[in-house]
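Coordinates in review
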Amino acid sequence: MPGARRGPIGRFRALRGIRAESSASARRRTVAHEANLAMTLLRMAPRLVALLVAVGIGPLVGSEARGQAGETTTSTLGDVATSSTVDDDAFDAFVLGGLQASTEPSALFIEGIEILGNEKTVPSVILRRLGVDVGDLVDDDRIAESRLRLLNTGFFKSVEFSLRRGSRRGRGLLVVEVEERNTILVDELFLGFSSVAPLFGGFGVAETNFLGRGVTVGGSWVLGRDRRALALRLFVPNLSNTNLQLSASAIVLQGAEAIDDEDPTGAQLDYERRGGSLGFGLGVGPAQRISLVYRLESVVADRLPNLDPAVLRRAPSIQFDDSVLSTITASYEIDTRDDAFVPRVGSRVVLAVEVGTSLVLSDYEFSKYTAELQQAFTMFEDHSLILRLFGGMVQG
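Residues numbered from 1 in each chain as written. Predicted model: local features only at pLDDT ≥ 70, side-chain atom pairs only at ≥ 80, totals over all residues. Heavy atoms only, no water.

Topic: the overall build of the protein chain
For clarity, the threshold we go by: A run of DSSP states H or I qualifies as a helix once it reaches four residues; a run of E qualifies as a strand once it reaches two. Both are numbered from the N-terminal end. In what follows, residue pairs with any heavy atoms lying within 4.5 Å of each other are defined as contacts.
Scanning the protein chain from N- to C-terminus turns up six helices and 16 strands. Pairs at least 24 residues apart make up 48% of the contacts formed inside the protein chain by residues separated by at least 6 positions.

Structural notes on the packing of aromatic side chains
Given two aromatic rings, their pairing is described by the distance between the two centres and the angle made by the two planes. Basically, it comes down to this: Stacked, tilted and edge-to-face are the three classes applied to pairs of Phe, Tyr and Trp rings, where Trp contributes its six-membered ring and a pair requires centres within 6.5 Å; stacked means planes under 30 degrees apart, edge-to-face means over 60, and tilted covers the rest. Accessible area is worked out with a 1.4 Å probe on protein chains only. A residue is then buried under 20% of its type maximum, exposed over 50%, and partly exposed in between.
In this structure the tally under the stated criterion is two aromatic pairs. An angle of 75° between the planes, with centres 6.0 Å apart, marks the rings of Phe155 and Phe156 as edge-to-face. Accessibility assignment for this pair places Phe155 and Phe156 in one class, buried. Arranged with centres 5.5 Å apart and planes meeting at 70°, the rings of Phe203 and Trp221 form a pair that is edge-to-face. Pair noted here: Phe203 is in strand S7 (residues 200-210) and Trp221 is in strand S8 (residues 215-224), with a separation of 18 residues, a long-range link.

Some points on helix H5 (residues 140-152)
What counts here: One less than the number of residues in a helix, times 1.5 Å, gives the span that helix is expected to have. As used in this structure description, the phrase polar contact means that two N or O atoms lie within 3.5 Å; if the pair is within protein, one of them must be able to donate a hydrogen and the other to accept it, and residues adjacent in sequence are counted only when both atoms belong to side chains.
Between its first and last C-alpha, H5 extends 18 Å over 13 residues, near the 18 Å set by a 1.5 Å rise per residue. For H5, every residue scored as buried is listed here: Ile143, Ser146, Leu150, Leu151 and Asn152. Along its buried surface, H5 packs onto helix H4 (123-127), strand S4 (156-165), strand S5 (171-180) and strand S13 (321-335). Its side-chain oxygen 2.9 Å from the backbone nitrogen of Asp141, Asp139 forms the N-cap of H5. Backbone geometry just downstream of H5 places Gly154 in the positive-phi region, at approximately 80°.

Considering the environment of Arg147
Within the element layout of this structure, Arg147 appears in helix H5. C-alpha separation for the pair Arg147 and Leu130, spaced 17 residues apart in sequence, amounts to 7.8 Å. Here the side chain of Arg147 touches Val159 through a polar contact of 2.8 Å, landing on its backbone oxygen.

Focus on the pairing of strand S9 (residues 227-236)
Rule in force here: Two strands qualify as a pair provided that DSSP identifies no fewer than 2 bridges between them.
In the sheet, S8 pairs with S9 via nine bridges, with the strands oriented antiparallel. Within the sheet, the bridge partner assigned to Trp221 lies in S9 and is Leu230. Note: S9 against strand S10 (residues 244-258), nine bridges, orientation antiparallel. Residue Leu234 lies in a different strand from S10, and its bridge partner there is Ala248.

Overview of the pattern of salt bridges
Quick reminder of the rule: Note on definitions: salt bridges are taken to be side-chain nitrogens of Lys or Arg within 4 Å of carboxyl oxygens of Asp or Glu.
Enumeration according to the criterion identifies 17 salt bridges in this entry. For the salt bridge of Arg233 with Glu188, the shortest nitrogen-to-oxygen distance reads 4.0 Å. Highlighted residues: Arg233 in strand S9 and Glu188 in strand S6 (residues 184-192), separated in sequence by 45 residues. Residue Glu188 is classed as partly exposed on the basis of its relative accessible area of 28%. Its salt-bridge partner being Arg348, residue Glu372 comes within 3.4 Å of it at the nearest N-O pair. Of this pair, Glu372 sits in strand S15 (residues 366-380) while Arg348 sits in strand S14 (residues 347-356), placing them 24 residues apart in sequence. What makes Glu372 partly exposed here is its relative accessible area of 29%. Each of Arg273, Arg295, Glu297, Glu354 and Lys368 takes part in salt bridges that share partners, so that together they form one network.

Points about unusual backbone geometry
Unusually for a residue other than glycine, Leu211 sits at a positive phi of about 55°. Considering the arrangement of structural elements, one finds Leu211 in the loop between S7 and S8. Phi angles above zero are rare outside glycine, and Asp321 is one such case at about 60°. Examined against the element boundaries, Asp321 turns out to sit in strand S13.

Here we look at the confidence of the model for the protein chain
As a reminder, the rule being used: Confidence of the prediction at every residue is given by pLDDT, a number between 0 and 100.
Looking at the protein chain as a whole, its pLDDT mean stands at 77, while 71% of the residues score no less than 70. Here residues 1-24 is a poorly scored stretch, pLDDT under 50, and it has two contacts once near neighbours within four places are set aside; other chains count. Note on residues 51-105: pLDDT is under 50 here. Beyond four places in sequence and across chains, it has 50 contacts.

Description of the sheet that holds S6
What counts is decided by this rule: In this analysis an axis means a line fitted to C-alpha atoms, helices contributing only their contacting stretch, and an angle means the value between N-to-C directions, from 0 to 180 degrees.
With respect to topology, eleven strands assemble into an open sheet ordered S6-S7-S8-S9-S10-S11-S12-S13-S14-S15-S16, the strand pairing being antiparallel. Of all the strands in the sheet, the pair left with one neighbour each is S6 and strand S16 (383-395). This sheet shows a mean twist of 15° between the axes of neighbouring strands, independent of strand direction. Here strand S12 (residues 288-301) pairs with S13 via 14 bridges, running antiparallel.

Following this line, the structure appears as structure tokens:
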């Protein structure tokens, strides 16, 4: 009866009924859970098979599972070469839980870079000029730009890029194959004559890839009657593996200039110059740089005998006795040529301003503005036409 108090036996019977009902419910829940677990395992079976194959125990799951593979990769364990088949899509789906990759299916990452054919050039010189790096996506435009940058150094006859399969799908090995060229060059040639100097000539020699490190060292000389000059130069394109560039030069010169152009056999001004320059540049783009150069020279000129003042006004603007030439030059250069010496395509533009002033302890005050253009055109086969223009203005 409702509200009646139960004795010990009544309470036991009620409790046993509750326990019996709870046990039946538990058994039903267990059966349902086991059924769900079985269905889950059945659904995950393909993924588990792919995972087992991927970790190298494919033989344990039978040849039928291996026959469903999509791609074959090869790895080496110790001295034993083993091959296994990997369905990368199933593996990725299992690991990522069915999530879609964020990159496009055609995306290919650079897993490593291999350089071939560089017998002299150190790898860092080549790697520094690549527009791509390990971990980047393969980009045809950046690779084409890298090829032009390598050819522009003048160190190589040819540069070719190719891709090899990486350790797994979506990864590739970028192969850079180069063919080196002779980098010891006669880069300057001087030959001429005038009423003042019947004949003069000389040449310059440069090693543009000194010790395979991309450093340029060179020298040039000129010889003529009462005239001789020797110049040395150094250029480091990447100082301490940075975009900072270093340039230096030295010059020793003995010359003579006619006092009166209308009388070249008359009196002449003999002088000597000794000095050099030191500059720093900065690469601001794949084919651009800006630079700042300081030039310092000592000039010694013999005094002239008493001459007509009108003739002296036409004489070269060189101070008698000892004087100092000190200048600062700022320049901008963009170079897209495919070869530094015999380009077939591309152009080179150089804009420069040189200033001599007493602010840098110069006895000569002037400013010079120059512009240089070189444009290459492909004619046919390996022949090209190169157009060169140069212009400038001096004030002071």
